[in-house]
Amino acid sequence: MIATLARPLGWRLAQAWMVAILVGVLSFLMMSALPGDMIFRIAAARFGYDNVTAENAELVRAQIGDPSDLSAFFDWIAGLFRGDLGRSLVTGEAVSAEIAHQLGATAQLAGIAIVLSLVIGPPLGLLAGLRPGSVLDRATVLMASVFKATPQFLLGLVLIVAVSIGMGLLPAAGHGELRHMILPGLTLALGLAANTTRITREAVVQARGSDWWRFARWKGMTEPQVVRRHGLRHVAVPVLTLIAAQFVALMEGVVVVETIFGWPGIGHALVHAVFHRDVPMVQGTALVMGLAFVLVNALADVAARLLDPREATR
Amino acid sequence: MFRTLSLALFMSGAALPALATEGVLDVVAPFELKGPDPVQSGNILIKMDVTETLVDADATGALLPGLATSWTVAEDGLSWRFVLRDGVSFHDGSKMDAAAVAQSLERSRGNGGLLAKAPIQEIAPLDDMTVQITLSEPFAMLPSMLAEYRSAIIAPAAIAEDGSVTSAIGTGPYRVTDYAPPNKMAVAAFADYWGQAPVIADAVYHGISRSETRALMAESGDADITLTLDPASVTRLNRADGLSVISVPIPRVLMLKVNGAVFDVETRKGLSLAIDRAGIARAVLRFPEGATQMFPPGMADWHDPELPPLAYDPEAARTVLAEAGWTPDADGILQRDGKRMEIEILTYPDRPELPLVAAVLEQQFAAIGARPVINSTNFSEIPAKHGDGSLSTALFARNFALVPDPVGTLLQDYAPGGDWGAMGWSNEAFTAGVKALAAGSADEGTRDKLVATLHAELPVLPIAWYQLTMTVSDKVTGVVVDPFERTLGLSQVGWSQ
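Residues numbered from 1 in each chain as written. Chains lettered and ligands numbered in written order. Predicted model: local features only at pLDDT ≥ 70, side-chain atom pairs only at ≥ 80, totals over all residues. Heavy atoms only, no water.

Novice: Honestly, the overall build of chain A in this entry has me stumped. Any pointers?
Specialist: For chain A, the count of helices and strands is 13 helices and zero strands. For chain A, the succession of helices and strands along the chain, N to C, is α-α-α-α-α-α-α-α-α-α-α-α-α. Taken along the three principal axes of its C-alpha coordinates, chain A extends 85 × 55 × 30 Å. Taken over 314 residues, chain A has a buried fraction of 46%. Carbon and sulfur atoms make up 69% of the accessible area of chain A, which totals about 14,900 Å². (Helix = DSSP H or I, 4+ residues; strand = E, 2+ residues; numbered from the N terminus. Buried < 20%, exposed > 50% of the residue type's maximum accessible area, 1.4 Å probe, protein only. Areas by Shrake-Rupley, 256 points an atom, 1.4 Å probe, with all protein chains shown as cover.)

Structure below.
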C-alpha cells in the first residue's frame, strides 16, 4: 500500500519544487515588466491618497532599495532554502505571517464552500441520476445551469439582499465568526454544486446502465442496496477528481467573494500585492497558491487510489 | 414592566450602557489597515480613539489641548514648549512622559510623517513633562501639524530599533484587542484612560473596500457607523429605515491639475469655461452645487462670496482659446503652431466618481475642439508623472484639511508647486504670502489675496466641493460629524434608549 502511494507522492514533491522556482521567477519577471515606477506604487500603498509625494517615494527608495533589482530575486531564492519568504515592502511584516493570517481565512472559506457544495450537489445528482427524465432531474439541470452561469459577485449581492436585508438572518459582510462564513461559503458552494450535481448524475446514469449494476440487481439486491454497497464508491471517484479540478475555479471565486464580503484572504492579498507592487508578497502568495494546487492534486491521487485500487495496477 | 426595568437601569447611571446592550459598536469604512504605524493607518487609529495627539481639534477646526495641556512659543518664534498632561498611561501600562513623546514625534518625522514638512531642528524632552521643539525658522502651523493623525503619540515599546512600529500602543480611551489587518480591528475600553471612560465598552473597525458592501452593511444593520458612500447607494439608503444618512460639506475639492508648462493661463481659462460644474455635481456626484471657486463656503476664512463664480460657457471658451492662439484645423480640432490640443486626463478608480467625472470632462473638452483621452490608473502615477514632467492633466480629490489649517496644504501644493497641486506654475507674491501665513507673520488681507490669485490664474481647475457621506444607525447616539474627517467622537457614542 505504502509503496503504491510513494511513487505518485515522490513525483508530486518534485513538482512542488519546480512550482516554487517557476512561480518565483515568473512573478518576479511579471512584476518587473509592469508599467509605472514600483517605488511610487509602494509609497502609495504605505502613505495613502493624500500623502503620497515624490519626497515620500524617495524615503521608501532609501529604505528598501530597488525591488526589481536581480539581487532582490536571488535574496528571495536564498531565503526560500531557509524557509524565509522575506518581508512585505508595504507593511514591513514577515510575508509568512501575513500569508498565514490570510491563508487561514481562505482555507476556512474554501472548506465551508466545499462542504456546502458536497451537501447540496451529490445528493441531488444521485436522486436525479436514479430517475433520469423526472421532474427532479430536469429541475436540477435548470438550477445547475442558472448557478453555473451567474457570476459570483452577482450571486453574492443577491444573497446579501435576500438573506441579510430581506430576512435579517445573517450579517451582510464581515469576518471572524461562524455566522460570517455562511453567505460567502454559499455563494461559492452554489457554483461548485452546479458541477458536482451534473457529474454525479452522469456517473449514476452510467452506473445504472453497467453490467455490474444489472448483476447486483439480478442477484436480488434492492436499488438502495446497490447504491449503498457499490454505487457510492463508483460515483465518488469522478466527484473527487472534479473537486480537485474545481480548486482552480474556487481560487478565482475566492478573490471575488472575499472582496464583496469584506474578508481577508489569499486572493485579496495577491490582488492588493500586485496593485502595490509588493514583490515578496506576490511571490509568497503565488507560491503558496501553487503549492496548494500540488497538495490538492496529491491528496486527490491518494484518495482516488484508496477508493479504486485498480488504479495502482494500471 | 419593561419600561420600569429600563427606568431602573437608567437610574443606575454609569453602568447602564454595558447592561442595556451587550452589543459591539461596528464602524465600517473603506480604508484597509496597513499596519500599526500611525504614519500608515493613523487615520483609522485616531478615528477609533486608540491614539491621541498632543494638540486636539474640534469640528470647527479650532485647536484644543490634547495630550499637551498648554504650549508656548519663545519671542524669536523658534522654540516651542509643550507641557504634557499628567497621569497619562499608554495601553501597555507605561507612563507617558516627555522622553516618550519626543521619541514618538521624532520617529514620525523621520518616517514620512507630516512633521517632516515643518522646519524642525530638534524635538527633545526639556524636563520630565515638557517637550521642546526647536525650529530653524518661525512656523505658526506647528500646533496644527501636531494635531494630525500621523503625529499621534505611541509608546516607546511599540517602536522597534529600526524605527518601524510593531504594535498599536496609544493613550486613547480604547485599546486594541484584536489587530487583524487588512480588514478588522477590535478595540475595548482602556481601564486606565486619563479622561472620560468610553460609554460602549467594545467596538470593531471593519475595512470594507467595496462601497456596495458598505451600503448593504448599513442597510442590514450590521454597521452602526458607515463612512463614505457612493452616490447611488445614498439615494437608496435615504429611503431605508433605522438609519440616517448624513451629508456634510468638507474641505476636500475635486480638481483638475493642469500642467502649466503645456497649458498657459489663457488656455486654462478657456478650458475652465468648457466645464459644466453644476451639471457634473448634480448628475454624477449628486451634490447640490458645483464649485464656483477653489474653497467651499464651509471654509469661511478662505471662501470669498464676492468672487465672480467660475462659469460654464462653451461659446466663450472657444473665443478665449482663439485669443490664446488655438484655432480649429481642417478636422475641427484646435491647434496652435501646428500642434493639436491633446489632453490626457489622468485619474484613478479608487474614488468611484472620478472616472465618471473624467468621462464628462472628456466630452466637454471634445465639444470645444480639444482631443482628450482618459487614463484611469493607480493614483501614484500622478506624483510620478508630476516628477518627470510628463503629466498633462490629472483629476483627483484633494483634502485641504490634512491639518486643521489649509495653509499646511497650500504650502505643500502651491508654494510654488506640489504633487497634488500646481505644476509649471509659480507666483512669487503667492509663495511669499503662504510662507508668511505659515510663519505667522502675514499681513491683514493676505488670505484674500491668495484666494484671488488662485481664482485669477487657475493653476488647477476646481470642479466640485466634496460632501462627506455617512450613515449612522438609529441604535446609537452621539456620533460626531467632523468635516475634517479626524474623529467620530467614538468613545462618547452610546446606545439609544
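Next comes the rest of the account.
Novice: Just to check I follow, could you spell out helix H5 (residues 95–130) of chain A for this structure?
Specialist: Between its first and last C-alpha, H5 of chain A extends 50 Å over 36 residues, near the 52 Å set by a 1.5 Å rise per residue. Considering bend angle alone, the principal kink of H5 of chain A is centred on leucine 118 of chain A and spans about 30°; proline proline 122 of chain A follows within four residues of it. (Expected span 1.5 Å × (residues − 1). Bend = angle between axes of the 7 residues up to and from the residue.)

Novice: Teacher, can you tell me more about the sheet that holds strand S12 (residues 243–258) of chain B here?
Specialist: The strands making up a sheet associate through hydrogen bonds between their backbones, and the pairing can be parallel or antiparallel. Residue and element names in this part refer to chain B. An order of S8-S9-S10-S1-S11-S19-S12-S18-S16-S17 is seen for the 10 strands of this open sheet, with the pairing classed as mixed. Either end of the sheet is taken by a strand with one partner, and the two such strands are strand S8 (174–180) and strand S17 (371–376). Put simply, the sheet's adjacent strands are angled 25° from each other on average, direction ignored. Where S12 lies against strand S18 (residues 393–399), seven bridges are found, and the strand directions are antiparallel. Its bridge partner being in S18, valine 258 is matched across the sheet by threonine 393. (Pairing = 2+ DSSP bridges. Axes fitted to C-alpha atoms, helices over the stretch in contact; angles between N-to-C directions.)

Novice: Got a minute to help me understand the interface of chain B and chain A in this structure?
Specialist: Bring the parts together and some accessible area is lost; that lost area is often taken as the interface size. The interface of chain B with chain A comprises 43 residues on the first partner and 44 residues on the second. Here chain B packs against chain A, burying approximately 3,400 Å² in sum over the two surfaces, 54% of which is carbon and sulfur. On the chain B side of the contact with chain A, Lys34, Leu216 and Phe379 of chain B bury the most area, a combined 16% of that side's loss. For the pair chain B and chain A, the number of links is two salt bridges. (Contact = heavy atoms within 4.5 Å. Buried area = accessible area lost by both parts, 1.4 Å probe. Salt bridge = Lys/Arg side-chain N within 4 Å of Asp/Glu carboxyl O.)

Novice: What should I look at first to understand the nonpolar core in this one?
Specialist: Side chains that are nonpolar tend, in soluble globular proteins, to be buried together. In terms of nonpolar packing, the biggest core is built from 149 residues, with Leu54 and Tyr414 of chain B touching the most fellow members. Setting aside residues no more than four positions away along its own chain, tyrosine 414 of chain B makes contact with Met255, Met294, Phe400, Trp420, Gly421, Ala422, Trp425, Phe430, Thr431, Leu454, Pro459 and Val460 of chain B. Leu80, Leu109, Leu188 and Ile266 of chain A belong to the second largest nonpolar core, which has 48 residues in total. (Core = buried A, V, L, I, M, F, W, Y, C linked by side-chain atoms within 4.5 Å.)

Novice: Would you explain the packing of aromatic side chains in this entry?
Specialist: The description of an aromatic ring pair uses the distance of the two centres, along with the angle that the planes make with each other. In this structure the tally under the stated criterion is 14 aromatic pairs over all chains. Relative to tryptophan 420 of chain B, the ring of phenylalanine 396 of chain B has its centre 5.0 Å away and its plane inclined at 90°; by these criteria the two rings are edge-to-face. In this pair, phenylalanine 396 of chain B sits in strand S18 while tryptophan 420 of chain B sits in the loop between helix H13 (407–414) and helix H14 (428–439), placing the two residues 24 residues apart along the sequence. Like tryptophan 420 of chain B, phenylalanine 396 of chain B is buried. Each ring, one from tryptophan 425 of chain B and one from phenylalanine 430 of chain B, has its centre 5.4 Å from the other, and the planes form 75°; the classification is edge-to-face. For the residue pair tryptophan 425 of chain B and phenylalanine 430 of chain B, the accessibility class agrees, reading buried in each case. Three or more aromatic residues joined by ring pairs make a cluster, and in this case those are Phe28, Phe73 and Phe74 of chain A. Directly above the ring of tyrosine 466 of chain B sits arginine 351 of chain B, whose terminal nitrogen or CZ lies 5.3 Å from the centroid. (Phe/Tyr/Trp six-rings, centres within 6.5 Å; stacked < 30°, edge-to-face > 60°. Lys NZ or Arg CZ within 6 Å of the ring centre and 35° of its normal.)

Novice: Can you walk me through the pairing of strand S5 (residues 79–84) of chain B in this structure?
Specialist: Each regular strand displays side chains that alternate between the two surfaces of the sheet. All names here are of chain B. Of the strand pairs in this sheet, strand S4 (residues 68–73) and S5 are connected by five bridges, and their pairing is antiparallel. The residue of S5 that forms the bridge with serine 70 is valine 83. Looking at chain direction, S5 and strand S7 (residues 130–135) are connected through five bridges and run antiparallel. Residue pairing for S7: serine 79 is matched across the bridge by threonine 134.

Novice: Sorry if this is basic, but what is going on with unusual backbone geometry here?
Specialist: Peptide bonds are trans in most cases, and residues, glycine excluded, mostly fall at negative phi. Residues and elements named next belong to chain B. The residue after proline 181, namely proline 182, is reached through a cis peptide bond having omega 10°. Mapping proline 182 onto the fold places it in the loop between S8 and strand S9 (184–189). A positive phi angle, near 50°, is found at aspartate 337, a position not held by glycine. Note on aspartate 337: relative accessible area 77%, which makes it exposed. You will see that leucine 458, though not glycine, has its phi angle at about 45°, which is positive.

Novice: I tried to follow the pairing of S7 of chain B on my own but got confused; where do I start?
Specialist: When you tally the buried positions in S7 of chain B, you get five out of six residues, the bulk of the element. Counted between consecutive antiparallel strands, the loop separating strand S6 (residues 120–127) of chain B from S7 of chain B contains two residues.

Novice: What is the right way to look at the pattern of salt bridges in this model?
Specialist: Close approach of charged atoms allows side chains with opposite charge to pair. Counted according to the given criterion, the structure contains 29 salt bridges over all chains. Salt-bridge contacts for lysine 269 of chain B lead to glutamate 266 of chain B; the nearest nitrogen and oxygen are separated by 3.8 Å. With lysine 269 of chain B and glutamate 266 of chain B both in helix H8 (residues 265–273), this residue pair falls three residues apart, about one helical turn. Relative accessible area serves as the criterion here: at 32%, lysine 269 of chain B is assigned to the partly exposed category. Given a relative accessible area of 35%, glutamate 266 of chain B falls into the partly exposed group. Linking aspartate 301 of chain B and arginine 447 of chain B is a salt bridge whose minimum nitrogen-to-oxygen distance equals 3.1 Å. Placement of aspartate 301 of chain B in the loop between helix H9 (277–285) and helix H10 (314–323) and of arginine 447 of chain B in helix H15 (residues 446–457) is noted, with a sequence separation of 146 residues between them. A single network of salt bridges, built from pairs that share partners, joins Asp137, Arg198, Arg201 and Glu202 of chain A.

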